[in-house]
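# Examining the three-dimensional arrangement
So you can see what is in the structure, the chains are spelled out below.
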Amino acid sequence: AQTVTQSQPEMSVQEAETVTLSCTYDTSESDYYLFWYKQPPSRQMILVIRQEAYKQQNATENRFSVNFQKAAKSFSLKISDSQLGDAAMYFCAYRSGAAGNKLTFGGGTRVLVKP
Amino acid sequence: EPEVTQTPSHQVTQMGQEVILRCVPISNHLYFYWYRQILGQKVEFLVSFYNNEISEKSEIFDDQFSVERPDGSNFTLKIRSTKLEDSAMYFCASRQTGRGYTFGSGTRLTVV
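Notes on the structure in this doc start here. Keep in mind it's a predicted model, so treat the numbers as computed, not measured. Counting starts from 1 at the beginning of each chain's written sequence and moves along it residue by residue. All chains are assigned letters beginning with A, and all ligands numbers beginning with 1, in the order in which they are written. Totals for whole chains, interfaces and linings use all residues, but because this is a predicted model, local features are given only for residues with pLDDT of at least 70 and pairs of side-chain atoms are given and counted only at 80 or more. Hydrogen atoms and water are omitted, and side-chain values are computed over all heavy atoms in the structure.

### Focus on the overall build of chain A
Put simply, DSSP marks the helices as runs of H or I at least four residues long and the strands as runs of E at least two long, and each gets a number from the N terminus on. Regarding its fold elements, chain A presents 0 helices and 12 strands. Start at the N end of chain A and walk to the C end: the helices and strands fall as β-β-β-β-β-β-β-β-β-β-β-β. Since a compact globule built from 115 residues should have a radius of gyration of about 13 Å, the 14 Å found for chain A is in line with a globular shape. Principal axes of the C-alpha set define a box for chain A whose edges measure 45 × 25 × 20 Å. Per-residue accessibility, obtained with a 1.4 Å probe over protein chains only, is compared with the maximum for each type, and a residue is labelled buried under 20%, exposed over 50%, and partly exposed between these values. Every one of the 115 residues in chain A was classed for burial, and the buried ones make up 47%. The criterion used for residue contact is that any of the two residues' heavy atoms lie within 4.5 Å. Within chain A, residue pairs in contact and separated by at least 24 positions form 55% of the contacts whose partners lie at least 6 positions apart. Carbon together with sulfur atoms contributes 47% to the accessible area of chain A, which is approximately 5500 Å² in total. Under the convention used here, Asp and Glu are negative, Lys and Arg are positive, and both His and the chain ends fall outside the count. Every charge is mapped to an atom, namely NZ of Lys, CZ of Arg, CG of Asp or CD of Glu. Each charge sign in chain A was given a centre, from 12 positive and 10 negative side chains, and these centres are 5 Å apart. Atoms counted for the radius of gyration: C-alpha only. Globule rule: 2.2 Å times residue count to the power 0.38. Working definition of accessibility: Shrake-Rupley area with a 1.4 Å probe, residue cover restricted to the visible protein chains.

This is the structure:
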């Protein structure tokens, strides 16, 4: 079974600075998708960014970018120019590209943004 | 932008009672899911539903749980006899082929 590990329970960042959240995963598959979700205090799950494993280019969405290292099974999220609204729980998630299409989540990283 | 709608937003129920959590997925989506998140813990997969049947379920999804798509628009999760440990946030999600997931806002279930 696939597992997703987020080793940082909490990260703190100064407003306008950059923070990087780590995520590693374990899989024997070659076809899969990776996601980062943001969960603010309202507890809604909001998609931040997604990466297809077959793409070598790292995904970018405005201030959010990933560093996808397939061989190392690492998928980190970089938040640039951090804003107060970025404060939330961030979950890394994995989805197989083959049979079964559920998301497997990591344990989450809480991001605190200091003004 | 289309949304996944979940009702109620918060439900309190007595232990042993049945509850039905309701979801209206995005209309042209084909895959439907339920996840749960116990407070302070990770989001856990419960069940996926495609083509009017369960396509996968987790070990959490035992005989106390069932899902239904009764009328082609609603997607419900029923817990037959609730336990204290069923207290959690329950998320419905849907997706279209080749696309990402859209989550609802969740239903907070409190079992007392």
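### Some words on the pairing of strand E9 (residues 88-95) of chain B
Residues and elements named next belong to chain B. When you tally the buried positions in E9, you get 8 out of 8 residues, the bulk of the element. Strands pair, by our definition, only if DSSP identifies at least two bridges between them. Two elements, E9 and strand E11 (residues 107-111), share 3 bridges in a ladder whose sense is antiparallel. Opposite Ala-88, over in E11, you have Leu-109 as the bridge partner. Bridge count between E9 and strand E10 (residues 101-103): 3 bridges; the pairing is antiparallel. For Ser-94, the partnering residue across the bridge sits in E10 and is Thr-102. Remark: 5 residues form the turn of the hairpin made by E9 and E10, two consecutive strands paired antiparallel; Gly-98 in that turn has positive phi of roughly 75°.

### Here we look at the interface of chain A and chain B
Listed per partner, the contact involves 18 residues of chain A and 21 residues of chain B. Computed with a 1.4 Å rolling probe, the buried area is the accessible surface lost when two parts are put together, summed over both parts. For the pair chain A and chain B, the summed buried area comes to about 1700 Å², and 49% of that belongs to carbon and sulfur atoms. The salt bridge definition used is simple: a Lys or Arg side-chain nitrogen within 4 Å of an Asp or Glu carboxyl oxygen. Joining chain A to chain B, the criterion identifies 1 salt bridge. The salt bridge partner of Glu-56 of chain B is Lys-102 of chain A, with a shortest N-O separation of 3.2 Å.

### Description of the pattern of salt bridges
Residue and element names in this part refer to chain A. Using the criterion set out here, one finds 5 salt bridges over all chains in the structure. Note that Glu-52 is salt-bridged to Arg-50, the shortest N-O span being 3.3 Å. On the accessibility criterion, Glu-52 (11% relative accessible area) is buried. What you see here is one network of salt bridges that share partners, running through Arg-50, Glu-52 and Lys-55.

### Points about the packing of aromatic side chains
Remark: the centre distance and the inter-plane angle together describe each pair of aromatic rings, the angle taken between the planes. Two aromatic rings, drawn from Phe, Tyr or Trp (for Trp, its six-membered ring), form a pair once their centres lie within 6.5 Å of each other, and the interplanar angle then sorts them: stacked below 30 degrees, edge-to-face above 60, tilted otherwise. If you walk through the whole model with that rule in mind, you get 22 aromatic pairs over all chains. Taken together, Phe-35, Tyr-37, Phe-91 and Phe-105 of chain A together with Tyr-33, Tyr-35, Phe-45, Phe-91, Tyr-101 and Phe-103 of chain B form an aromatic cluster joined through their ring pairs. Over the face of the ring belonging to Tyr-31 of chain B we find Arg-95 of chain B, whose NZ or CZ atom lies 4.3 Å from the ring centre. Two conditions define a charge sitting above a ring: the NZ of Lys or the CZ of Arg must be within 6 Å of the ring centre, and it must be within 35 degrees of the ring normal. Over the aromatic face of Tyr-101 of chain B sits the side chain of Arg-95 of chain B, whose NZ or CZ is 5.6 Å from the ring centroid.

### Observations concerning the nonpolar core
Residue types Ala, Val, Leu, Ile, Met, Phe, Trp, Tyr and Cys, when buried and joined through side-chain atoms within 4.5 Å, form a set referred to as a nonpolar core. Counting 25 residues, the largest nonpolar core has Tyr-25, Trp-36, Phe-75, Leu-77 and Tyr-90 of chain A as the members making the most contacts within it. Sorting the residues of this core by element identifies strand E3 (19-21), strand E5 (32-39), strand E6 (46-52), strand E8 (64-69), strand E9 (74-79), strand E10 (88-96) and strand E12 (109-114) of chain A as the ones contributing at least two each. Considering every element that reaches this core, the biggest residue donor is E10 of chain A, with 4 residues. Each residue touching Tyr-25 of chain A, except ones within four places of it in the same chain, is listed here: Thr-3, Val-4, Tyr-32, Leu-34, Phe-68, Gln-69, Lys-70, Lys-73, Ser-74, Phe-75 and Tyr-94 of chain A. Grouped together as the second largest cluster of nonpolar side chains are 22 residues, Val-4, Ala-88, Tyr-90 and Val-111 of chain B included.

### A look at the sheet that holds strand E3 (residues 19-24) of chain B
Residue and element names in this part refer to chain B. Pairing is antiparallel across the open sheet formed by 4 strands, whose spatial order is E1-E3-E8-E7. Each of the sheet's edge strands pairs with one partner strand only, and the pair in question is strand E1 (5-7) and strand E7 (65-68). In this sheet, adjacent strand axes meet at a mean angle of 20° when their direction is disregarded. Pairing of E1 with E3 involves 3 bridges; the strand directions are antiparallel. Looking at the pairing, Gln-6 lines up with Cys-23 of E3. To obtain an axis, a line is fitted to C-alpha atoms, over the contacting stretch when the element is a helix, and the angle between two such axes runs from 0 to 180 degrees between their N-to-C directions.

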